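# Residue-level structure breakdown
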Amino acid sequence: MSDLDVLDETEIVWPNGDLVTVQSIDAWSEHARLSVTPAQLADDGQVRGPDWVIRELDLVSHMAGQMVVVVKNAGALRRVRSRALKHARARSRGRHRTLKGTDQTAAVDLDVVDEQAEYDEAAIAEEYARHIADLVAERKSTVQSMGRQVEILFRDAARGL
């Protein structure tokens with residue numbers, strides 16, 4: 001099973017086979033956010049050495065890879081929910097075809113409240129996942145910059161400067 005197998009028109013699964021939901025997207029995103037958010041400030045007095053840089057880069061690289069799958073599944077869920085909303089609107093318009101103008105619009109809007117809410121939740125989850133993916137990429141860049149500084153420090157120390 002690939003990481004974006006669609007079980008039917010409305011179900012997407014994670015690589016482990018669990019169903020993709022708004023809650024699972026939020027949970028994966030929050031896990032990534034907490035994993036790459038430094039617990040302490042950079043001026044905590046801790047010496048940052050090459051081993052620290054390697055561990056941090058491994059962590060943020062792993063989280064970046066996970067967030068690719070999270071964003072992909074979040075987008076797929078949003079599209080599934082969008083399709084369900086469009087189908088619900090079309091069915092409702094058919095049921096209310098005898099109504100005119102604003103009466104039909106109001107009736108359709110009332111009929112699709114649940115589908116609209118589900119779409120909105122999926123869209124918000126996708127947006128949040130994208131923001132977290134950006135945060136992870138930003139953190140990776142920061143760690144890479146810190147790695148270059150550590151490299152310079154250790155190189156200069158080795159030369160006795």
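The residue numbers shown here count from 1 along each chain, following its written sequence. Per-residue local features of the predicted model are confined to residues with pLDDT of at least 70, and side-chain atom pairs are confined, for both listing and counting, to 80 or more; whole-chain, interface and lining totals are unaffected and use all residues. Neither water nor hydrogens contribute to the side-chain values; these are computed over all heavy atoms in the structure.

## Points about the pattern of salt bridges
For clarity, the threshold we go by: We define a salt bridge as a contact between a side-chain nitrogen of Lys or Arg and a carboxyl oxygen of Asp or Glu at a distance within 4 Å. A run of H or I in DSSP becomes a helix once it reaches four residues, and a run of E becomes a strand once it reaches two; helices and strands are each numbered from the N terminus. Burial here depends on accessible area, computed with a 1.4 Å probe over protein chains only, as a share of the maximum for the residue type. Under 20% is buried, over 50% is exposed, and the range in between is partly exposed.
Under the defined criterion, the tally for this structure stands at 6 salt bridges. A salt bridge links Glu-30 to Arg-33; the shortest N-O distance between them is 2.5 Å. Highlighted residues: Glu-30 and Arg-33, both in helix H1 (residues 22-36), separated by 3 residues, approximately one helical turn. In this structure Arg-33 comes out as partly exposed when scored by relative accessible area, which is 27%. Taken together, the salt bridges that share partners define one network made up of Arg-78, Glu-126 and Arg-130.

## With respect to the nonpolar core
This is how it is decided: Among buried residues, those of type Ala, Val, Leu, Ile, Met, Phe, Trp, Tyr and Cys that are joined through side-chain atoms within 4.5 Å constitute a nonpolar core. Contact criterion: two residues are considered in contact whenever any of their non-hydrogen atoms come within 4.5 Å of each other.
If you look at the biggest cluster of nonpolar residues, it comprises 22 residues, and the most contacted ones within it are Ile-25, Met-67, Leu-77, Ala-129 and Val-136. Secondary-structure elements contributing two or more residues to this core are H1, helix H2 (50-95) and helix H4 (113-158). Counting residues per element, this core draws most heavily on H2, which supplies 10 residues. Discounting chain neighbours no more than four positions away, the residues touching Leu-77 are Ile-12, Val-20, Thr-21, Val-22, Ile-25 and Ala-122.

## A word on the environment of Tyr-128
Within the secondary structure, Tyr-128 is located in helix H4. A relative accessible area of 26% places Tyr-128 in the partly exposed class. C-alpha of Tyr-128 to C-alpha of Asp-26: the two residues are 102 residues apart in sequence and 7.6 Å apart in space. Discounting chain neighbours no more than four positions away, the residues touching Tyr-128 are Asp-26, Ser-29, Glu-30 and Arg-33.

## Brief notes about helix H3 (residues 101-111)
Defined as follows: Directions drawn from the helix axis to the C-beta atoms are what define this arc.
Of all the positions in H3, only Gln-104, Ala-107 and Val-108 are classed as buried. For H3, the arc enclosing every buried residue in end-on projection is 100°, short of the 170-degree limit, so these residues lie on one face. In H3, the exposed positions angled more than 90 degrees off the buried face are occupied by Thr-102 and Leu-110. Considering only its buried residues, H3 is in contact with H2.

## A closer look at the packing of H1 against H4
For clarity, the threshold we go by: Orientation is described by lines fitted to C-alpha atoms, with helices fitted over the stretch in contact, and by angles between N-to-C directions that extend from 0 to 180 degrees. We call two directions roughly parallel when the angle between them is under 35 degrees, roughly antiparallel when it is over 145, roughly perpendicular when it lies between 65 and 115, and oblique otherwise. What makes a crossing left-handed is the near helix being turned counterclockwise from the far one by less than a right angle; a clockwise turn instead makes it right-handed.
Contact geometry of H1 with H4 gives a least axis separation of 9 Å together with a crossing angle of 20°. Here H1 lies roughly parallel to H4, going by the angle between them. Between H1 and H4 lies a crossing of left-handed hand. Across the interface between the two elements, Val-22, Ile-25, Asp-26, Ser-29, Glu-30, Ala-32, Arg-33 and Val-36 from H1 touch Glu-121, Ala-122, Ala-125, Tyr-128, Ala-129, Ile-132, Leu-135, Val-136 and Arg-139 from H4.

## Focus on the packing of H2 against H4
Our working rule: Here the nonpolar group is Ala, Val, Leu, Ile, Met, Phe, Trp, Tyr, Cys and Pro; Asp, Glu, Lys and Arg are the charged ones; every other residue, Gly included, is treated as polar.
Closest axis-to-axis distance for the H2/H4 pair is 8 Å, and the angle between their directions is 165°. In terms of orientation, H2 and H4 fall into the roughly antiparallel class. For the crossing formed where H2 meets H4, the hand is left-handed. For the contact of H2 with H4, the per-class residue count stands at 26 nonpolar, 6 polar and 10 charged.

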